[in-house]
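Listed below, chain by chain, are the residues.
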Amino acid sequence: MSTSTPVSRRATRMLRRTPIWLLVAVLLVIVGYPLIWLLLGSFKSQREFLESPTWALPEQWNFDNYIVAWDTAGLGQSLFNSAITVLPSLFLMLLLGTAAAFALEVLVWKGRNGVLIIFLAGIMVPTQMILLPLFSTYFQLGLTGSLWPLIITYTATGLPLTVFLMATYFRAIPREVFEAATLDGASIYRQFFSIALPMMKNGLFTVGLVQFFFFWNDLLIALTFANSGSLRTLQVGLLNFNGQFGTTQYGPLFAAISINVFALLIIYLVLNQRIQKGLTAGAVKG
């Protein structure tokens, strides 16, 4: 009797966990199958895409599609354009957004609540509404034909959410820290760069990574302002894997998408712990 009780308890626990395991298995299939299908498709030829079933394995495992995608289709140039567009935008957005959040949450001045509401209102403005006025403004300023419209637009559209999130992180820092720095004679700039920024590392890292995925995967803004082949970002470049008579080259297209998707997946898996720490640090009451 004493030996059967632990066994029955263990069997009961396993039965209770079975629905959870089934749910996890279903989620893994839903998430994993498209990735596997995408990776297998990157090794197929154009004939296999048109004649073979979608679930068929590639007849030959070679990297010709990756070579075509990188060299012939200009994937390398598109990646470079995305990098020199997204990275400066992130730097400016984080610097300006953190400075604004510091002024709104740490400094005491009349009207700061109204300014914060204005920033929050910017989150609710659809990007589609501002594209045409922005295009006209950039054209009049002579900025079209360069990547500056993308950098400026990414920075501006990312500021409202960045200010809101960074203000939330600043609420977790005791005000006594800045009061003590003021008594020691530290200026506002010294407090911001020497105290606030180092204490906000997890928040900066998390917000920067979230906004990085938004900027990197953007198509609408890049398609509007990157209007020449030499300025195409990665997402715009993926629209141009066409062969003779406009037919889509599925093999190089799948190879290019695989490079983009799995590179971002690796970045997220490597930095996952830092993201969780940053999100936990910002989960404070206002």
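The rules behind the values
Residues numbered from 1 in each chain as written. Predicted model: local features only at pLDDT ≥ 70, side-chain atom pairs only at ≥ 80, totals over all residues. Heavy atoms only, no water. Helix = DSSP H or I, 4+ residues; strand = E, 2+ residues; numbered from the N terminus. Expected span 1.5 Å × (residues − 1). Buried < 20%, exposed > 50% of the residue type's maximum accessible area, 1.4 Å probe, protein only. Contact = heavy atoms within 4.5 Å. Polar contact = N/O pair within 3.5 Å; in protein donor to acceptor, adjacent residues only side chain to side chain. Core = buried A, V, L, I, M, F, W, Y, C linked by side-chain atoms within 4.5 Å.

Along an α-helix, a turn takes 3.6 residues, which lines up residues three or four apart on a common side. Spanning 21 residues, helix α13 (residues 250-270) covers 30 Å between terminal C-alpha atoms, matching the ideal 30 Å at 1.5 Å per step. Along α13, the positions that sit buried rather than exposed are Gly 251, Pro 252, Leu 253, Phe 254, Ala 255, Ala 256, Ser 258, Asn 260 and Leu 264.

Attention now goes to the environment of Arg 47. As for its position among the elements, Arg 47 is in helix α2 (residues 46-51). Note: C-alpha distance between Arg 47 and Thr 144 (97 residues apart in sequence) is 40 Å. Those residues in contact with Arg 47 that lie beyond four places of it in its chain are Ser 52 and Glu 59. In this structure the side chain of Arg 47 is engaged in a polar contact, spanning 2.7 Å, whose partner is the side chain of Glu 59.

The next point concerns the environment of Gly 208. Position of Gly 208 relative to the elements: it lies in helix α10 (residues 201-216). Classification of Gly 208 by relative accessible area gives buried; the value is 9%. A C-alpha to C-alpha distance of 6.9 Å links Gly 208 and Leu 94, two positions 114 residues apart in sequence. Filtering out sequence-adjacent residues up to four positions away, Gly 208 remains in contact with Leu 90 and Leu 94.

Turning to the nonpolar core, a few remarks are in order. Membership of the largest hydrophobic core comes to 50 residues, with the highest contact counts inside it found for Leu 150, Phe 170 and Phe 212. Considering every element that reaches this core, the biggest residue donor is helix α4 (residues 75-105), with eight residues. Excluding its chain neighbours within four sequence positions, the residues that come into contact with Leu 150 are Thr 85, Ser 89, Ile 221, Ala 222, Phe 225, Ala 226 and Thr 233.

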